[in-house]
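In case you want the letters, here they are:
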Amino acid sequence: MTTFLVTGGTGTLGRVVVDRLLADGHTVRVLSRRPHTRTENPRLRSYAVDLRNGVGLADATAGAEVIVHCASTPAGGDLDAAGQLVDAARTAGVRHLVYISIVGVDRVPLRYYRTKREVERLLAESDVPWTVLRTTQFHDLVLRLVKSGARSPVLPAPAAVRVQPVDVREVGARLVELAYGGPAGQVPEMGGPEVLDARELVGLTLRAGGRRRIVLPVLLPGATYRALRAGGNLAPDHAVGKIRYADFLAERGGHVPGLRVVGTGNASDG
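Residues numbered from 1 in each chain as written. Predicted model: local features only at pLDDT ≥ 70, side-chain atom pairs only at ≥ 80, totals over all residues. Heavy atoms only, no water.

**Overview of the overall build of the chain**
Move 1: A tally of helices and strands in the chain yields nine helices and eleven strands.
Move 2: Against the globule reference of 18 Å for 270 residues, the chain gives a C-alpha radius of gyration of 20 Å, in line with a compact fold.
Move 3: Principal axes of the C-alpha set define a box for the chain whose edges measure 60 × 40 × 30 Å.
Move 4: In the chain, which comprises 270 residues, the proportion classed as buried is 48%.
Move 5: Summarising the internal contacts of the chain: among those between residues at least 6 apart in sequence, 78% fall at separations of at least 24.
Move 6: As displayed, the chain has an accessible area near 12,500 Å², and 52% of this comes from carbon and sulfur atoms.
Move 7: One way to put it: in the chain the 35 positive side-chain charges average out to a point 6 Å from where the 26 negative ones average out. (Helix = DSSP H or I, 4+ residues; strand = E, 2+ residues; numbered from the N terminus. Rg over C-alpha atoms; globule rule 2.2 N^0.38 Å. Buried < 20%, exposed > 50% of the residue type's maximum accessible area, 1.4 Å probe, protein only. Contact = heavy atoms within 4.5 Å. Areas by Shrake-Rupley, 256 points an atom, 1.4 Å probe, with all protein chains shown as cover. Lys, Arg positive; Asp, Glu negative; His and termini not counted. Charge placed at Lys NZ, Arg CZ, Asp CG, Glu CD.)

Rendered as structure tokens:
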């Protein structure tokens, strides 16, 4: 069996990857800033490492054959963290490094996206064998954003912006599949099964949670908003996901029938 190192292994995506690797009988090292709490599996080992300074990273990578790099934060530091990881992987003789990126990092001028693109370039220019998978936004992220906005009686939604959410379990399965194969460079993007208007997603989420809010479409200034309105965050030609956002919500106990959000500034029937 192969020894895998999963960075960000306690996060939303990392947990999925770790569980799949363990189920397949592999030895898994989980790297995160906080120790992993699951210790009952003898093939699972936790390493508390902050990738931004690399302290303890040499021990975590020594003997690892494949790294799945899921750790990331919009707060900053991803490029420095990737540099530390690449250096450690080179020293340890890691034969494959798989990185999760985002659809649109080359089209949407968000600072976080630009950093992800720089990490992609770092890997491409390194001598560590690599694979990069770009995906659209996770269902979990959409749900978290809507729930956060729903604390107010008026919930703004970006006008004319579409989203193509994908299920994290399907992304995790694809990452594991790539990790089992050889280094492949930039692989085809992965998107969710449907492209939905942002207001549709808000309405579906509100109805699933039994909430009523005024959904207000807003126009935003700037290059990022223009890129989103142009579909820079979408991968319609790679709609390979199977689980719809409504399915995702229904699994969480909500009844989610079809919902059409219409009008401007009217109360959603969700």
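**Concerning the nonpolar core**
Move 1: Of all hydrophobic cores here, the largest spans 27 residues; its most connected members are Val6, Leu13, Val17, Val28 and Leu175.
Move 2: Other than its neighbours up to four places away in sequence, Val17 contacts Val6, Val68, Cys70, Gly172, Leu175 and Val176.
Move 3: Within the second largest apolar cluster, 23 residues are counted, among which are Leu57, Ala81, Val119 and Val128. (Core = buried A, V, L, I, M, F, W, Y, C linked by side-chain atoms within 4.5 Å.)

**Let's talk about the confidence of the model for the chain**
Move 1: Residue-level pLDDT values for the chain average 89, and 91% of them are 70 or greater.
Move 2: Taken as a whole, residues 255-270 scores under 50 in pLDDT and shows 42 contacts with residues more than four places along the chain or in a different chain. (pLDDT = per-residue confidence, 0-100.)

**Some words on the sheet that holds strand 5 (residues 96-102)**
Move 1: Strand order in the open sheet made by the seven strands is 3-2-1-4-5-6-9, with parallel pairing throughout. One side of each edge strand has no neighbouring strand; the edge strands of this open sheet are strand 3 (44-48) and strand 9 (185-186).
Move 2: The strands touched by helix 1 (residues 12-23) within the sheet are strand 1 (3-7), strand 2 (27-32), strand 3, strand 4 (66-69) and strand 5, with strand 1 carrying the most contacts at an inclination of about 170°.
Move 3: Contacts from helix 6 (residues 168-180) reach strand 1, strand 4, strand 5 and strand 6 (130-135) within the one sheet, and its direction differs from that of strand 5 by about 150°. (Pairing = 2+ DSSP bridges. Axes fitted to C-alpha atoms, helices over the stretch in contact; angles between N-to-C directions.)

**Description of the side chain of Ser32**
Move 1: When you line up the elements, Ser32 lands in strand 2.
Move 2: For Ser32, the residues in contact, after removing those within four places along its chain, are Thr10, Tyr47, Ala48 and Val49.

**A closer look at the pattern of salt bridges**
Move 1: The tally for this structure, following the rule as stated, stands at 14 salt bridges.
Move 2: One salt bridge in this structure joins Arg252 and Asp140, with 3.9 Å as the shortest N-O distance. With Arg252 in the segment after helix 9 (245-251) and Asp140 in helix 5 (residues 139-149), the pair connects residues that are 112 residues apart, well separated along the chain.
Move 3: Judged by relative accessible area, Asp140 falls into the buried class, the value being 19%. (Salt bridge = Lys/Arg side-chain N within 4 Å of Asp/Glu carboxyl O.)

**Concerning the packing of helix 3 (residues 78-92) against helix 4 (residues 111-125)**
Move 1: Direction vectors running N to C along helix 3 and helix 4 enclose 20°, while the axes themselves pass 9 Å from each other. Classed by the angle they form, the pair helix 3 and helix 4 counts as roughly parallel. Both helix 3 and helix 4 take part in a crossing whose hand is right-handed. Listed contacts from helix 4 to Asp78, Leu79, Ala82, Gly83 and Val86 of helix 3 are Tyr112, Thr115, Lys116, Glu118, Val119, Leu122 and Leu123.
Move 2: Taken together, the residues that form the contact of helix 3 with helix 4 break down as seven nonpolar, two polar and three charged. (Parallel < 35°, antiparallel > 145°, perpendicular 65-115°, else oblique. Left-handed = near helix turned anticlockwise from the far one by under 90°. Nonpolar A, V, L, I, M, F, W, Y, C, P; charged D, E, K, R; others polar.)

**A closer look at the pairing of strand 4**
Move 1: On strand 4, burial covers both faces: Val66 and Val68 on one face and Ile67 and His69 on the other are all buried.
Move 2: Inspection of the sheet shows strand 1 paired to strand 4 by four bridges, in the parallel sense. Along strand 4, the bridge assignment pairs Phe4 with Val66.
Move 3: Of the pairings in the sheet, the one linking strand 4 to strand 5 comprises four bridges and is parallel in character. Residue pairing for strand 5: Ile67 is matched across the bridge by Leu97.
Move 4: Following the chain from strand 4 across helix 3 to the adjacent parallel strand 5, one finds a crossover that is right-handed. (Right-handed = clockwise from strand over helix to strand, strands pointing away.)

**Regarding the packing of helix 1 against helix 6**
Move 1: Where helix 1 contacts helix 6, the axes come no closer than 9 Å and their chain directions differ by 55°. Considering their axes alone, helix 1 and helix 6 lie oblique with respect to each other. As for the relative orientation of helix 1 and helix 6, their crossing is right-handed in sense. Between helix 1, through Thr12, Leu13, Val16, Val17, Arg20 and Leu21, and helix 6, the contact on the second element is made entirely by Val168, Arg169, Val171, Gly172, Ala173, Leu175, Val176 and Tyr180.
Move 2: Counted by class, the contact of helix 1 with helix 6 contains ten nonpolar, two polar and two charged residues.

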